[in-house]
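# Fold and contact review
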Amino acid sequence: MEKILSALAEPNRFQIVELLRDEPYTVGEIADQLRLRQPQVSKHLRVLSEAGLVEVQPIANKRIYKLRQQPFLQLDDWLESFQNVWDERFDRLDEYLEELKGKQKEHGE
């Protein structure tokens, strides 16, 4: 998980992932879309690939990059675990507030 988050923390890599969300692109197309130099994009794609976020598909003399689904499912599961914690905390808070309301009614407040 740390490798995924670290790869996404860099703004240009995050933009590449955002771009690849819609469709696969070549290195040159990514460079054009994001107005980056091709060697810079290649370095970012290497980091994203090492983190398991993208995969490359060679077609003739082109290399097409696309997102891999699995790391994003892992990220979603990880984030969902935080949602579950917060849901439990809000449920306990709701129970506590109901308990306070009951005590106020008992005391005629």
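Scroll up to find the structure this text is about.
Calculation notes
- Residues numbered from 1 in each chain as written.
- Predicted model: local features only at pLDDT ≥ 70, side-chain atom pairs only at ≥ 80, totals over all residues.
- Heavy atoms only, no water.
- Salt bridge = Lys/Arg side-chain N within 4 Å of Asp/Glu carboxyl O.
- Helix = DSSP H or I, 4+ residues; strand = E, 2+ residues; numbered from the N terminus.
- Buried < 20%, exposed > 50% of the residue type's maximum accessible area, 1.4 Å probe, protein only.
- Axes fitted to C-alpha atoms, helices over the stretch in contact; angles between N-to-C directions.
- Parallel < 35°, antiparallel > 145°, perpendicular 65-115°, else oblique.
- Contact = heavy atoms within 4.5 Å.
- Core = buried A, V, L, I, M, F, W, Y, C linked by side-chain atoms within 4.5 Å.
- Pairing = 2+ DSSP bridges.
- Lys, Arg positive; Asp, Glu negative; His and termini not counted.

To continue, consider the pattern of salt bridges. Counted under the stated rule, the structure contains 3 salt bridges. Here glutamate 18 ties to arginine 21 by a salt bridge, and the two come within 2.4 Å at their closest N and O atoms. With glutamate 18 and arginine 21 both in helix α2 (residues 11-22) and 3 residues apart, this pair spans about one turn of that helix. On the accessibility criterion, glutamate 18 (33% relative accessible area) is partly exposed. A salt bridge links glutamate 55 to arginine 68; the nearest nitrogen and oxygen atoms lie 3.9 Å apart. Of this pair, glutamate 55 sits in strand β2 (residues 54-59) while arginine 68 sits in the loop between β3 (62-67) and α5 (69-106), and the two are 13 residues apart along the sequence. According to the relative accessible area criterion, arginine 68 is partly exposed, its value standing at 31%. Among the ionic contacts, a cluster of salt bridges with common partners joins Glu55, Lys66 and Arg68.

We now examine the packing of α2 against helix α4 (residues 38-50). Running from amino to carboxyl end, α2 crosses α4 at an angle of 80°, the nearest separation of the two axes being 10 Å. One way to sum up the angle between α2 and α4 is to call them roughly perpendicular. Every residue of α4 that contacts α2 at Asn12, Arg13, Ile16, Val17 and Leu20 is listed here: Gln40, Val41, His44, Leu45, Val47 and Leu48.

With 21 residues, the main nonpolar core has Ile16, Leu20, Ile30, Val41, Leu45, Leu48 and Leu53 as its most contacted residues. Secondary structure elements with two or more residues in this core: α1 (2-9), α2, α3 (27-34) and α4. Once you skip the residues sitting within four places of it in the chain, leucine 45 turns out to touch Ile16, Leu20, Val27, Ile30, Val54 and Tyr65.

Spatial ordering of the open sheet is given by β1-β3-β2, a layout of 3 strands whose pairing is antiparallel. The open sheet has two edge strands with one neighbour each: β1 (25-26) and β2. Sitting on the sheet, α2 touches β1, β2 and β3, and the angle it makes with β3 is about 95°.

Next up on the list: the side chain of asparagine 12. Within the secondary structure, asparagine 12 sits in helix α2. Ignoring anything within four residues of it in the chain, the contact list for asparagine 12 reads Leu34, Leu36, Gln40 and His44.

Turning our eyes to something else, we now look at the side chain of arginine 13. Secondary-structure assignment places arginine 13 in helix α2. It turns out arginine 13 is buried and unbridged, and the closest side chain with the opposite charge, glutamate 10, is 4.7 Å from it. Setting aside residues no more than four positions away along its own chain, arginine 13 makes contact with Ser6, Ala7, His44, Val47 and Leu48.

This part takes up the pairing of β2. In this sheet, β3 lies alongside β2 in antiparallel orientation, the contact comprising 6 bridges. The partner of glutamate 55 across the bridge, within β3, is lysine 66. The turn joining β2 and β3, which pair antiparallel and follow one another in sequence, is formed by 2 residues; a positive phi near 55° is taken by alanine 60.

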